[in-house]
Amino acid sequence: MDRTEVYTRLASVFQDVFDREVALTDETTAADVPGWDSLNHITLIGTVEDEFDVKFPMKDVVGMKNVGELVDKIIELSK
Amino acid sequence: MEDFLRLLQWPLDGKALARKRIALRRALLERSGLLEKRIAVLGGSTTHDLVAFLELFLLGNGIRPIFYESEYNQWWEDAVFGNPTLDAFRPDVIFIHTSVRNIREWPALGAEPSDAGVEETVAKWRAAWEKIAEKFHCPVIQNNFEYLPYRLLGNLDGTDLRGRVSFVRRLNVAFADWARTHDGLYINDICWQAADFGLARWHDEAYWCLYKYAMSREALPTVAFNVANIVKALFGKNKKALALDLDNTLWGGVVGDDGSENLELGTETAVGQSYTEFQQYLKDLSRTGVLLNVISKNEPENAKAGLAHPQMVLKEGDFISVKANWEPKSENLKQMAQELSLLPESFVFVDDNPAEREIVRQQVPGAAVPEIGQVENYISALDHGGWFEPVKLSGDDLKRNAMYRENAQRVQLQNSFTDYGAYLDSLEMKATIRPLESVYMARIAQLTNKSNQFNLTTRRYTQEEIEQAAADSAFITRYGKLEDRFGDNGVVAISIGEVKGDVLELVLWLMSCRVLKRDMEFAMMDEMVAAAQTRGVRLIRGFYYPTAKNGMVREFYKTQGFTKVSEDAQGNAVWELDVSGGYEPKNHHIKIDR
């Protein structure tokens, strides 16, 4: 899976979770997306896991800093 | 929209629900006639996602919830010490979402095995329930405990009193004992739900440590679905009747083609056994008060031959209504509902044929039409649906099928009379009409929540509120219980009036449709007026608030001799009857026991 495909599917996840279109880049963080609070973060991570059929190890969930790192992790786990 | 609604039915697709929930919520909120309820969720873990799912399932049941959520793990503090926000919230229901993660003190391995720890733990919860009962007078839904995902003592964990499996089991028994002996506490059995779901998938250590989720994200819809089923049952949104197909639903094969002697039924074949077990399940279900009916595309004599099959567990007498013809099933269902004085949406329609299911879905909105799969899945599909979720089994529930059968006999008798009054006299009716009594409180509360059609104000009461009204001298209350030569109809009518000076305002007036046209409403009015007159009341004031379902009583007060004094654009009307100059009793056919 290449980054473009991951981004396309990720955009649709964000659309469903936050109910709006979100422009995503590697640098996007929670601060950039209205509604991305600590509670919705859980929903987001869960929905991403569903979409890509992956399960993030606990230490990775804690460590991810931005969307770029999330995409890296998805690609790594779906190899 | 219909596809959306199917997401709310068993089997649950947690992933799709989570993904689509915002759009689903939006669509559900557009539906009209939603009943608003205030629900306080007191959590022992994170409740954010859980509440979101709960909202969807409640909306699917026609209930629009307004939520209060306790701060993280503040369930006990909120319940016992209260807080201003919760106090002002005035909940209609409180849901205590605790789990095995909230057990603080486990039996010590070094100690003598004993039961003491169970009592200590239960005492903590009991303090919360008692405080809530005292303060909020509302029903409480309480999770019991699921097992931990590990067993320190292996299989001995369930036997040794120091084992945690054993501890959880005994706590659950203690919770159930309390719920059985105290009104207003309802157990949400997450122990069973976790077993059904799979304990290994239920627990998610990562989500617990990261987000303080008591159970996995995947399991949350199951919990929310079950809680919603209890809530909807408390507020009278249960289904009441089944409409069952025959061919390949109650038996294997098509009776018109194969002949009744060749149907698959009974224990000789695996498939036959499956149908027999499904019938046994239905028979047991009917004993809880669910009404069984048949809608089948068949020649009547073929249907009859099938129903007379010696291996049938269900006999013709187990069904209230059997419709075997070639009319569309949706039309049969509507007609059947009318004949039984039920609403079409009170039915669950069970048919193996997807085309029949689809037409009923489209033509009878509100009726439940589960996907039932193959015969070996019928029981599971119907059972998990939670359509009939009882919150309490009253004597009336257990007798309901008999009552409906007796009604069918009354109709036969009625046909033999030309004079309706003579028919009523022949029924030899006896009514007990008295102030609300404690033995009937559960049934009375149930009636206020289930009656939709013959209900003037559609005011819903919890059992606690009913008890308060009964104890308050500002109110005149009466229940009516009706017996006749065919049997006991049980408690069928409730009236509550509030005395305001020399005026009696009828805040609640309802009757079960199973005793329509028996003059019971006149007997009730006679008693209310008589009671009011002894209190110096000179004027009786009645209210009619229209809903989608109570059109049949729009002119009720007119038939009682009242005069309409006002009516607004929505049809809300106020009626009055002056009783200062006397009152002529209107019941002539029912003997009254006061």
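Residue indices begin from 1 for each chain and proceed along its sequence in written order. Each chain is given a letter, starting from A, and each ligand a number, starting from 1, according to the order in which they appear as written. Per-residue local features of the predicted model are confined to residues with pLDDT of at least 70, and side-chain atom pairs are confined, for both listing and counting, to 80 or more; whole-chain, interface and lining totals are unaffected and use all residues.

Chemist: I tried to follow the overall build of chain B on my own but got confused; where do I start?
Modeler: Note on conventions: DSSP H or I runs of at least 4 residues are helices, E runs of at least 2 residues are strands, and numbering of each starts at the N terminus. Along its length, chain B carries 23 helices and 17 strands. Here the globule rule reads 2.2 Å times residues to the power 0.38, and the radius of gyration is calculated from C-alpha atoms. On C-alpha atoms alone, chain B measures out to a radius of gyration of 26 Å, which is about the 25 Å that the 2.2 N^0.38 rule sets for 594 residues. Here the C-alpha coordinates of chain B stretch approximately 80 × 70 × 50 Å along the principal axes. Contacts are defined on C-beta atoms placed from the backbone: any two residues whose C-beta positions lie within 7 Å are in contact. Long-range pairs, those at least 24 residues apart, make up 72% of the contacts in chain B between residues at least 6 apart in sequence.

Chemist: What should I look at first to understand the interface of chain A and chain B in this one?
Modeler: Accessible area lost when the parts come together is the quantity often used to give the size of an interface. Across the contact, 10 residues belong to chain A and 12 residues belong to chain B. For the side of chain A that touches chain B, the elements supplying multiple residues, two or more each, are helix H2 (38–52) and helix H3 (58–63) of chain A. For the side of chain A that touches chain B, the element with the highest residue contribution is H2 of chain A, accounting for 6 residues. Under this grouping Gly is polar, as are all residues other than the nonpolar Ala, Val, Leu, Ile, Met, Phe, Trp, Tyr, Cys and Pro and the charged Asp, Glu, Lys and Arg. Of the residues contributing to the side of chain A that touches chain B, the split by class is 4 nonpolar, 3 polar and 3 charged.

Chemist: Can you walk me through the sheet that holds strand E14 (residues 539–544) of chain B in this structure?
Modeler: Two orientations exist for strands paired in a sheet by backbone hydrogen bonds: parallel and antiparallel. Residue and element names in this part refer to chain B. The strand order across the open sheet formed by 8 strands is E15-E16-E14-E13-E12-E11-E10-E17, and the pairing between neighbours is mixed. Of all strands in the sheet, those bounded by a partner on one side alone are strand E15 (563–567) and strand E17 (590–593). For this sheet, the mean inter-axis angle between neighbouring strands, taken without regard to orientation, is 25°. As paired strands, strand E13 (residues 503–511) and E14 are joined by 4 bridges and run parallel to one another. For Leu506, the partnering residue across the bridge sits in E14 and is Gly542. To obtain each axis, a line is fitted to C-alpha atoms, and for helices this fit is confined to the stretch in contact; angles are then taken between N-to-C directions over 0 to 180 degrees. Strand contacts of helix H20 (residues 441–450): strand E11 (475–484), strand E12 (487–500) and E13, with the helix running at about 75° to E12, the strand carrying the most contacts. Strands strand E10 (429–434), E11, E12, E13, E14 and E17 of the sheet are contacted by helix H22 (residues 520–534), whose axis makes an angle of about 145° with E11. Any two strands with at least two DSSP bridges between them are considered paired.

Chemist: How should I be thinking about the nonpolar core in this particular structure?
Modeler: Across soluble globular proteins, nonpolar side chains have a tendency to be buried as a group. All names here are of chain B. Core membership is restricted to buried Ala, Val, Leu, Ile, Met, Phe, Trp, Tyr and Cys residues, and these are joined into a nonpolar core through C-beta atoms within 7 Å. Partly exposed residues are those whose C-beta has more than 12 but fewer than 20 other C-beta atoms within 10 Å; with 20 or more the residue is buried, with 12 or fewer it is exposed, and the C-beta atoms are placed from the backbone. Of all hydrophobic cores here, the largest spans 69 residues; its most connected members are Phe53, Leu54, Phe57, Ile94, Ala224, Val227 and Val231. With 10 residues, helix H11 (residues 220–234) is the single largest residue contributor to this core. Each residue touching Val231, except ones within four places of it in the same chain, is listed here: Leu58, Ile63 and Val93.

Chemist: How should I be thinking about the environment of Leu263 of chain B in this particular structure?
Modeler: Residue and element names in this part refer to chain B. Inspection of the secondary structure puts Leu263 in the loop between helix H12 (255–258) and helix H13 (270–287). Here Leu263 falls in the buried class, since 24 other C-beta atoms lie within 10 Å of it. In this structure the C-alpha to C-alpha distance between Leu263 and Gly253, which are 10 residues apart in sequence, comes to 5.4 Å. Apart from residues no more than four positions distant in its own chain, Leu263 is found in contact with Trp251, Gly252, Gly253, Val255, Asp258, Gly306 and His309.

Chemist: Can you walk me through the sheet that holds strand E9 (residues 347–350) of chain B in this structure?
Modeler: All names here are of chain B. One open sheet holds the 4 strands; their spatial order is E8-E7-E6-E9, and the pairing between them is parallel. Edge positions in the sheet fall to strand E8 (321–325) and E9, since each has one partner strand and no second. Strand-to-strand, the axes of this sheet are offset by a mean angle of 15°, without reference to chain direction. Sheet topology places strand E7 (residues 291–297) next to E8; 5 bridges connect them, and they run parallel.

Chemist: How do you make sense of the packing of helix H15 (residues 329–339) of chain B against helix H16 (residues 354–363) of chain B when you look at a structure like this?
Modeler: Angle between the axes and distance between the axes: these two values describe a pair of packed helices. Residue and element names in this part refer to chain B. Running from N to C, H15 and H16 point in directions that differ by 55°, and their axes come no closer than 8 Å. Between H15 and H16, the interaxial angle falls into the category oblique. You can see that H15 and H16 cross each other, and the crossing is right-handed. From H15, Lys329, Ser330 and Leu333 reach across to H16, where they touch Glu356, Ile359, Val360 and Gln363. A per-class count over the contact of H15 with H16 returns 3 nonpolar, 2 polar and 2 charged. The scheme is simple: roughly parallel for angles under 35 degrees, roughly antiparallel for over 145, roughly perpendicular for 65 to 115, oblique for anything else. The handedness criterion is simple: a crossing whose near helix is rotated anticlockwise from the far helix by less than a right angle is left-handed, and one whose near helix is rotated clockwise is right-handed.

Chemist: What exactly am I supposed to notice about the confidence of the model for chain B here?
Modeler: Where the model shows low pLDDT, its predicted coordinates should not be examined in detail. The score called pLDDT rates the predictor's confidence residue by residue, from a low of 0 to a high of 100. Averaged over every residue, the pLDDT of chain B is 93; the share at 70 or more is 99%. Both confidence scores are given for the complex: pTM 0.82, ipTM 0.91.

Chemist: I would appreciate a short explanation of the pairing of strand E4 (residues 140–143) of chain B in the present structure.
Modeler: Within a regular beta strand, the side chains point alternately toward one face of the sheet and then the other, so they alternate between its two faces. Residue and element names in this part refer to chain B. With burial as the criterion, each face of E4 is covered, one bearing Val140 and Gln142 and the other bearing Ile141 and Asn143. Examined bridge by bridge, strand E3 (residues 93–97) and E4 share 3 bridges and lie parallel to one another. Counted as the bridge partner of Ile96 is Gln142 from E4. Pairing between E4 and strand E5 (residues 185–188): 4 bridges, direction parallel. Among the inter-strand pairings, Val140 is bridged to a residue of E5, identified as Leu185. A clockwise course of the path from the first strand over the helix to the second, judged with the strands pointing away from the viewer, identifies a crossover as right-handed. With respect to chirality, the unit in which E4 leads through helix H7 (residues 164–181) into the neighbouring parallel E5 is right-handed.

Chemist: What is the right way to read the environment of Arg541 of chain B from this model?
Modeler: Inspection of the secondary structure puts Arg541 of chain B in strand E14. Arg541 of chain B sits 127 residues away from Gln414 of chain B along the chain, and the two C-alpha atoms are 34 Å apart.

Chemist: How should the packing of helix H1 (residues 3–18) of chain A against H2 of chain A be read in this particular structure?
Modeler: Residues and elements named next belong to chain A. The geometry of H1 relative to H2 is characterised by a closest axis approach of 10 Å and an angle of 140° between their N-to-C directions. By the criterion of interaxial angle, the relationship of H1 to H2 is oblique. Crossing angle aside, the handedness with which H1 passes H2 is right-handed. Of the residues in H2, those in contact with Arg9, Val13, Asp16 and Val17 of H1 are Asn40, Thr43, Leu44, Thr47, Val48 and Glu51. Here the residues of the contact of H1 with H2 are counted per class, giving 4 nonpolar, 3 polar and 3 charged.

Chemist: I tried to follow the domain arrangement of chain B on my own but got confused; where do I start?
Modeler: Domain annotation for chain B reports domain 1 (2–234), domain 2 (241–385) and domain 3 (411–593). Residue ranges labeled as domains rest on an automatic or database domain assignment. Here the C-alpha centroids of domain 1 of chain B and domain 2 of chain B sit 35 Å apart.

Chemist: Looking at this model, I keep getting lost on helix H18 (residues 395–415) of chain B. Mind explaining?
Modeler: Because the α-helix completes a turn every 3.6 residues, residues three or four places apart line up on one side. Residues and elements named next belong to chain B. With 21 residues, H18 ought to run about 30 Å at 1.5 Å a step, and its terminal C-alpha atoms sit 30 Å apart, in line with that. If you look at H18, its biggest bend is around 45°, right at Asn401. Looking only at H18, the buried set comprises Asp396, Arg400, Asn401, Met403, Tyr404 and Asn407. Where the residues of H18 are buried, they touch H13, E7, H20 and E12. The span one expects for a helix is its residue count, reduced by one, times 1.5 Å. We define the bend at each residue as the angle formed by axes fitted to the 7 residues ending at it and the 7 residues starting at it.

Chemist: What's the story with unusual backbone geometry in this structure? I'm lost.
Modeler: What you tend to see is this: most non-glycine residues have negative phi, and most peptide bonds are trans. Residues and elements named next belong to chain B. Cis rather than trans, the peptide bond between Trp10 and Pro11 has omega equal to -5°. Within the secondary structure layout, Pro11 lies in the loop between helix H1 (2–7) and helix H2 (14–29). Its identity is not glycine, yet Asn73 carries a phi of approximately 60°, on the positive side. In this structure, Asn73 sits in the loop between strand E2 (63–69) and helix H4 (75–81). Even without a glycine there, the phi angle at Lys517 is positive, about 60°. The topology assignment puts Lys517 in the loop between E13 and H22.

Chemist: Would you mind showing me how to read the environment of Leu24 of chain A here?
Modeler: All names here are of chain A. Within the secondary structure layout, Leu24 lies in the loop between H1 and H2. By the C-beta count within 10 Å, which is 21 here, Leu24 ends up buried. Each C-alpha atom, one on Leu24 and one on Asp2, is 15 Å from the other, the two residues being 22 residues apart in sequence. Setting aside anything within four residues of it in sequence, one finds Leu24 in contact with Tyr7, Leu10, Ala11, Phe14 and Val67.

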